[in-house]
Amino acid sequence: MGDMMMNGNTLPPPPCANMTLTPNSIEMVELMSSSQWTLALLIVCSILAGACLLIYVETIMFILLRLPYGTRRGFLIFLLGCFPVFSLTSILSIYFPRATLMAEFAASAYLAVCVYTFILLIVNYFGGYENMLKILHEERFSLAQAPCCCCRCLPEVALTKKTFHRARIMVMQMTVVRPVALFISAILWTDGLVAMCFETYQTIEVVLNLIATISTLCAIYGLGLFYEMSIRPLRKFYVRPKFFGMKILLLLTNIQAAIFAILNRFGVIGCLSPLPCDSEFTGNVILNAIVAIEMPFLLLIARIIALKFVQRFHKLEQELSVSMATLETNAAPMAEEMCSRDQVRSSNDVRITSIPYSPPSSPELPADITDEIKEETKEELKKEAESIIMEEIMKEVNETMENGGVHTSTLEKRGNRDSIC
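Source: prediction; values computed, not measured.

Student: Explain the pattern of salt bridges to me, and be specific about the residues and the numbers.
Tutor: One pass over the structure, following the stated rule, counts 1 salt bridge. The shortest N-O distance in the salt bridge between E58 and R303 comes to 2.8 Å. Of the two residues, E58 sits in helix α2 (residues 36-66) while R303 sits in helix α11 (residues 279-353), which places them 245 residues apart along the sequence.

Right, here's the structure in full:
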């Protein structure tokens, strides 16, 4: 008899008999267009992905026009790029289901670089690593951070080089663990184990997703430590919403994938017509659709936070430029006024020194000694007048610096008042 017959009875189909090969892009579009709800889902995800990209481009233009700080501006633009990257990779995974692992690997690699860039941005706000240690050398922070926030027994520690590097390692390990896990999954996918319904592959995939989830939780814990370090000294940089947004992004991109991997492993997600009757394929489509819908709204929130930061610094820059223009405009009149004071004091010195010297009548001094005394008296009066003038000038300069700050060029102009006169 045939292979499917044994003892006159038909064998039950294998567990993956209903699983078809992963469709290509043309077959996927035809499948999604064959039903109203799948067609509507595809259109909505495509529109939101395009809107996410447009919002990102508009945000970049605003930042380039308003924020003049090169390094900090580059960090901010790169971090905001997480949202359109995940949105585009998700919509591409829906259109090209056979490239799902490749798209996930690219998005995870970009996220890994973004996490490292975020740490660099925080250090940049402090003015460098050494300045950060100097500012926070007396600060103490609690180790009871999410997801270990319930462990109140954890002590408070001071920031040292050792604690800083440990917190950084906890964040940076995620930049290696998740891309490696996806790389292993891609190798197993390329080997054809999925097409053969190899159950061990599904178990390995669940284990890899659990490892990536634990790695993500460790990274979130490290970000919580950095948050406690920098929340007070960096309040003006809107650090709180930035940390919150990074944590949300890590949770949505990693925890959701782990949850769907577990659901796919145990077949919780059933068949959804017209999609192929495969729990893993259906779960991936739903996961990518959810991520494509979430990212534009998260980008809008991040855009609002970023624009507040940019507008704040743009306003401070305008106020500084106005104050500098006012100081430079008033530099010449102030120099002229100082010159006139010098001339008045010089005329007073001349009047003082021009008073005829009357030596005592007896005994009379020789003429050469009398002239020498006159010259010495004149020099002493001039030195005293010059010291008084310099004290007044330095006092005015210090008052001006305390009131609004003085540019170096302005000080040079004031110092060269003799040449102006």
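Student: Hey, could you go over the nonpolar core for me, with residue numbers and the actual values?
Tutor: In this structure, F226 and M229 are the most contacted members of the largest nonpolar core, which totals 66 residues. The dominant element in this core, judged by the number of residues it contributes, is helix α5 (residues 100-125), at 11 residues. Discounting residues that sit within four places of it in the chain, F226 has contacts with I119, M132, F164, A167, R168, V171 and F243. In this structure, M28, I94, L275 and V285 belong to the second largest nonpolar core, which totals 12 residues.

Student: Give me the lowdown on the environment of S273, citing residues and values where you can.
Tutor: If you trace the backbone, S273 turns up in the loop between α10 (239-265) and α11. Exposure remark for S273: the relative accessible area of 61% places this residue in the exposed category. Here the alpha-carbon distance between S273 and S34, two residues 239 residues apart in the chain, equals 9.4 Å.

Student: Break down the environment of V207 for me, with residues and values.
Tutor: Within the secondary structure layout, V207 lies in helix α9 (residues 199-230). Distance from V207 to A261, taken between C-alpha atoms, is 9.4 Å for residues 54 residues apart in sequence.

Student: So what's going on with the environment of H137? Which residues, and what values?
Tutor: Positionally, H137 belongs in the loop between α6 (129-135) and β3 (140-142). Look at H137 and you get partly exposed, because its relative accessible area is 46%.

Student: Please provide a residue-by-residue account of a nonpolar patch on the surface, values included.
Tutor: Together, L53, V57, M61, L64 and L88 make up an exposed nonpolar region whose accessible area comes to about 400 Å². In terms of residue count, the dominant contributor to the nonpolar patch is α2 (4 residues). As for its position among the elements, L64 is in helix α2.

Student: For the packing of α2 against helix α4 (residues 82-95), give the residues involved together with the corresponding values.
Tutor: The geometry of α2 relative to α4 is characterised by a closest axis approach of 9 Å and an angle of 155 degrees between their N-to-C directions. Between α2 and α4, the angle falls in the class roughly antiparallel. Handedness of the crossing formed by α2 with α4: left-handed. Side by side, α2 and α4 meet where L42, C45, S46, L48, A49, C52, L53 and Y56 of the first sit next to F83, P84, S87, L88, I91, I94 and Y95 of the second.

Student: Now, about helix α8 (residues 174-190): what can you tell me, with residues and values included?
Tutor: Under the 1.5 Å per step criterion, the end-to-end length of α8 is 24 Å for 17 residues, consistent within 8% with the ideal 24 Å. By the burial criterion, the buried members of α8 are M174, T175, R178, P179, A181, L182, S185 and L188.

The rules we used
Counting from 1, residues in each chain are numbered in the order their sequence is written. In keeping with the predicted nature of the model, local features appear solely for residues at pLDDT of at least 70, side-chain atom pairs appear and are counted solely at 80 or more, and the whole-chain, interface and lining totals rest on all residues. Side-chain measures were taken over the full set of non-hydrogen atoms in the model, leaving aside hydrogen atoms and water. In the sections that follow, a salt bridge refers to a side-chain nitrogen of Lys or Arg positioned within 4 Å of a carboxyl oxygen of Asp or Glu. Note on conventions: DSSP H or I runs of at least 4 residues are helices, E runs of at least 2 residues are strands, and numbering of each starts at the N terminus. Within this scheme, the nonpolar core is defined by two criteria: the residues are buried Ala, Val, Leu, Ile, Met, Phe, Trp, Tyr or Cys, and they are joined through side-chain atoms within 4.5 Å. Relative accessibility under 20% of the residue-type maximum defines a buried residue, over 50% an exposed one, and the middle range a partly exposed one, all with a 1.4 Å probe and only protein chains included. Contacts are assigned to residue pairs that have any heavy atoms within 4.5 Å of one another. Each patch groups residues whose relative accessible area exceeds 30% and which form no salt bridge, using 9 Å between like charges and 5 Å between nonpolar side chains of Val, Leu, Ile, Met, Phe, Trp and Tyr. To be clear on the numbers: accessible area is Shrake-Rupley with a 1.4 Å probe, and residue cover counts the displayed protein chains and nothing else. Lines fitted to C-alpha atoms define the axes, with helix axes restricted to the stretch in contact, and inter-axis angles between N-to-C directions lie between 0 and 180 degrees. Small angles under 35 degrees read as roughly parallel and large ones over 145 as roughly antiparallel, with 65 to 115 read as roughly perpendicular and the rest as oblique. Left-handed describes a crossing in which the near helix is turned anticlockwise from the far one by less than a right angle; the clockwise case is right-handed. By definition here, a helix of n residues has an expected span of 1.5 Å times n minus one.

Just geometry here; none of it tells us what the structure is for.
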